[in-house]
Structures are given as structure tokens and as C-alpha cells.
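# Close look at the chain arrangement
One letter stands for each residue in the lines below.
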Amino acid sequence: MKKETKDSAEELIRSIFDHIGEDRNREGLLDTPKRVVKSWEHLYSGYKSNPKEILGTVFTEGACDEMVVLRDIEFYSVCEHHMLPFFGRISIGYIPDSKVVGISKLARLVEVYSRRLQIQEKMTAQIADTLMEVLQPKGVMVVAEAKHMCMVMRGVEKQNSQMLTSAIRGLFKSDHRTREEFMGLIRN
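What counts, and where the lines are drawn
Residues numbered from 1 in each chain as written. Predicted model: local features only at pLDDT ≥ 70, side-chain atom pairs only at ≥ 80, totals over all residues. Heavy atoms only, no water. Helix = DSSP H or I, 4+ residues; strand = E, 2+ residues; numbered from the N terminus. Buried < 20%, exposed > 50% of the residue type's maximum accessible area, 1.4 Å probe, protein only. UniProt positions renumbered as here; feature names shortened; annotations may be inferred. 1 Å grid on protein atoms, 1.4 Å probe; cavity = no way out; pocket = protein on both sides within 12 Å on 5 of 7 lines; lining within 4 Å.

## Regarding unusual backbone geometry
Backbone geometry at D72 places phi at a positive 60 degrees, although glycine is not the residue there. Relative to the elements of secondary structure, D72 occurs in strand β2 (residues 68-79). The class of D72 is partly exposed, set by a relative accessible area of 30%. The phi dihedral of M83 falls on the positive side, at around 55 degrees, and the residue is not glycine. Mapping M83 onto the fold places it in the loop between β2 and β3 (85-95).

Dropping the structure here:
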């Protein structure tokens, strides 16, 4: 990040202190603007990555005609509406046609999209669409389950609420047995 951009971001944090009635010169807050800006570099690092490049290395050897599932991939993201965190897990299933990808690449794909200002519905669809475009499988299904701090900390304050989203593409959409098989695998 350029120095002038970093400096203005740090001043923005100090302005937030003023807005909420906090003393920007209080000892505990003196280095907070620097720490916040540094944390943003990590939290929003998804903008610096091309999701299609993450899936750039594919394999034809080992490609199968059976479902490939990676479940319970932890993720942390920030809601674009309130800039509050949401976090949970994502499960991905796909049926290869002629290409497979290393499983760590699936987790990295989740990281790219979750490290952006985001809504869960869009993130779920982006993961599925990218897999369909790059791997060209027979089908993809992505299920995300998350707790949203905008629901827990403010507004309706529902502590135990969790949001579920799914993106269903190809064979998963047209064949309910395939969809049920995936759901059974991620439940166990």
C-alpha cells in the first residue's frame, strides 16, 4: 500500500474515534490506526488474487467420474453492508469431466472470495461459477453456513442465527439424487 494511501487510511480511523466520542490521543489507541490498516491488508487480500489463477494447475490423471467433496472449509469474511465480520464453513462438491484440481486449491479459492467485502450469497455463487468455468466439470455444488455479526451484535441481535446458502450448477441441479448424495456426505 502506498504511504499516502496508508496515511489517509490511518487518519480515517482517527476520525472514527472522534465520531464515536473516543479520545484519539489515549495511550491504548495511539497505534491502533496502524494496526487496523495492517489488518485490512490481510482481511481484504482477496482483491490482489485472481481466483482463476488459483485453479491454474489442473490434473487429467486421476480425473474420475465420481463426486469430489471437500467439506468444512473455515472462512472469515466481512459483510459489505455493515462492515462487520461473518464466518463459518463452506463445503464444495464437484463431479469432474476430465480435470481435477488439488484440494488445497479449493480452500484457496474460498480464501480469495472471502477476503473481500462480501455477502454470503454472492460468495457462494462466485465459488461455484469459478469452478464451473475453470474445471468445466459435470456439476458443482457449494454450501456455506455462517454466523453474521450484523445479526448478532446489532439490529435484531439473534445470537444463535446462522445463514445457509447454496449454489447448484450442472448435474447437481438436474439430478436430485446427486444433490442428496452431496448433502448426505457433508452432514456426516
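## Examining the UniProt feature "binding site: Zn(2+)" (unreviewed entry) in the protein
Per the UniProt record, "binding site: Zn(2+)" (unreviewed entry) is annotated on C79, H82 and C150. The annotated residues occupy 72 residues of the chain but converge on a single region, no pair of C-alpha atoms lying more than 8.0 Å apart. Residues from the annotated list that form part of the lining of the largest pocket: C79, H82 and C150. Counting through the fold element by element, H82 comes out in the loop between β2 and β3.

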